[in-house]
Amino acid sequence: MSKAKPANKMCLSILYRIEPGCLGPQGVDEVEDFAHVAQKYFNLTCADKISWQLVPRYNKRLPEFQYSVAGKGLDKHQATSVLEAYGLKLDEIEARFEDKLPELIDQFIESRKTRN
């Protein structure tokens with residue numbers, strides 16, 4: 001039996017593109033592994049209202065954050081409205097995300113050092 005999230009058309013999907021350089025000189029080789037680990041962490045919060053997708057940011061022309069509901073792209077204002085329906089604030093969620101991300105990066109880098 002699959003543990004996939006139940007389909008919720010009002011679940012806001014937030015795609016975040018991670019710069020490989022934030023993981024140090026070997027970041028380009030490790031960013032995909034880190035993105036997978038960090039995505040699991042962030043998907044533990046507000047799982048019925050927000051779905052996180054973290055991917056490497058290989059193309060700097062693409063935005064860091066991208067929003068959608070049921071596959072339909074949203075701008076930041078529309079994403080804010082979706083979350084307001086749940087009593088959540090997008091700016092606060094993004095701020096908490098950006099506060100936690102460096103901690104996860106440090107933990108990931110440290111775990112890689114202890115493995116090697």
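Structure shown above.
Residues numbered from 1 in each chain as written. Predicted model: local features only at pLDDT ≥ 70, side-chain atom pairs only at ≥ 80, totals over all residues. Heavy atoms only, no water.

1. So, the overall build of the protein
Part 1: Within the protein, the regular secondary structure consists of 3 helices and 4 strands.
Part 2: Listing the helices and strands of the protein from first to last along the sequence gives β-α-β-β-β-α-α.
Part 3: Taken over C-alpha atoms, the radius of gyration comes to 15 Å for the protein, in line with the 13 Å a tight globule of 116 residues would show.
Part 4: Residues classed as buried in the protein amount to 34% of the 116 residues present.
Part 5: Long-range pairs, those at least 24 residues apart, make up 73% of the contacts in the protein between residues at least 6 apart in sequence.
Part 6: If you sum the accessible surface of the protein, you get close to 7600 Å²; carbon and sulfur atoms cover 53% of it.
Part 7: Taking the 17 positively charged and 17 negatively charged side chains of the protein as two groups, their mean positions are separated by 6 Å. (Helix = DSSP H or I, 4+ residues; strand = E, 2+ residues; numbered from the N terminus. Rg over C-alpha atoms; globule rule 2.2 N^0.38 Å. Buried < 20%, exposed > 50% of the residue type's maximum accessible area, 1.4 Å probe, protein only. Contact = heavy atoms within 4.5 Å. Areas by Shrake-Rupley, 256 points an atom, 1.4 Å probe, with all protein chains shown as cover. Lys, Arg positive; Asp, Glu negative; His and termini not counted. Charge placed at Lys NZ, Arg CZ, Asp CG, Glu CD.)

2. What about the side chain of Asn43?
Part 1: With respect to the secondary-structure elements, Asn43 resides in the loop between helix H1 (27-42) and strand S2 (50-56).
Part 2: A polar atom in the side chain of Asn43 sits 2.6 Å from the backbone nitrogen of Trp52. (Polar contact = N/O pair within 3.5 Å; in protein donor to acceptor, adjacent residues only side chain to side chain.)

3. Section: the environment of Glu94
Part 1: As for its position among the elements, Glu94 is in helix H3 (residues 90-115).
Part 2: Each C-alpha atom, one on Glu94 and one on Ile14, is 9.7 Å from the other, the two residues being 80 residues apart in sequence.
Part 3: Beyond its immediate sequence surroundings of up to four residues, Glu94 is in contact with Phe65, Tyr67 and Lys76.

4. Concerning the sheet that holds strand S1 (residues 12-18)
Part 1: A sheet is described by the order of its strands in space; here 4 strands give the open sequence S2-S1-S3-S4, paired in mixed fashion. Across the chains shown, the open sheet's two edge strands, defined by having one partner strand only, are S2 and strand S4 (72-74). Between one strand axis and the next, the sheet turns through 30 degrees on average, direction left out of account.
Part 2: Bridging between S1 and S2 involves 7 bridges; their strand directions are parallel. (Pairing = 2+ DSSP bridges. Axes fitted to C-alpha atoms, helices over the stretch in contact; angles between N-to-C directions.)

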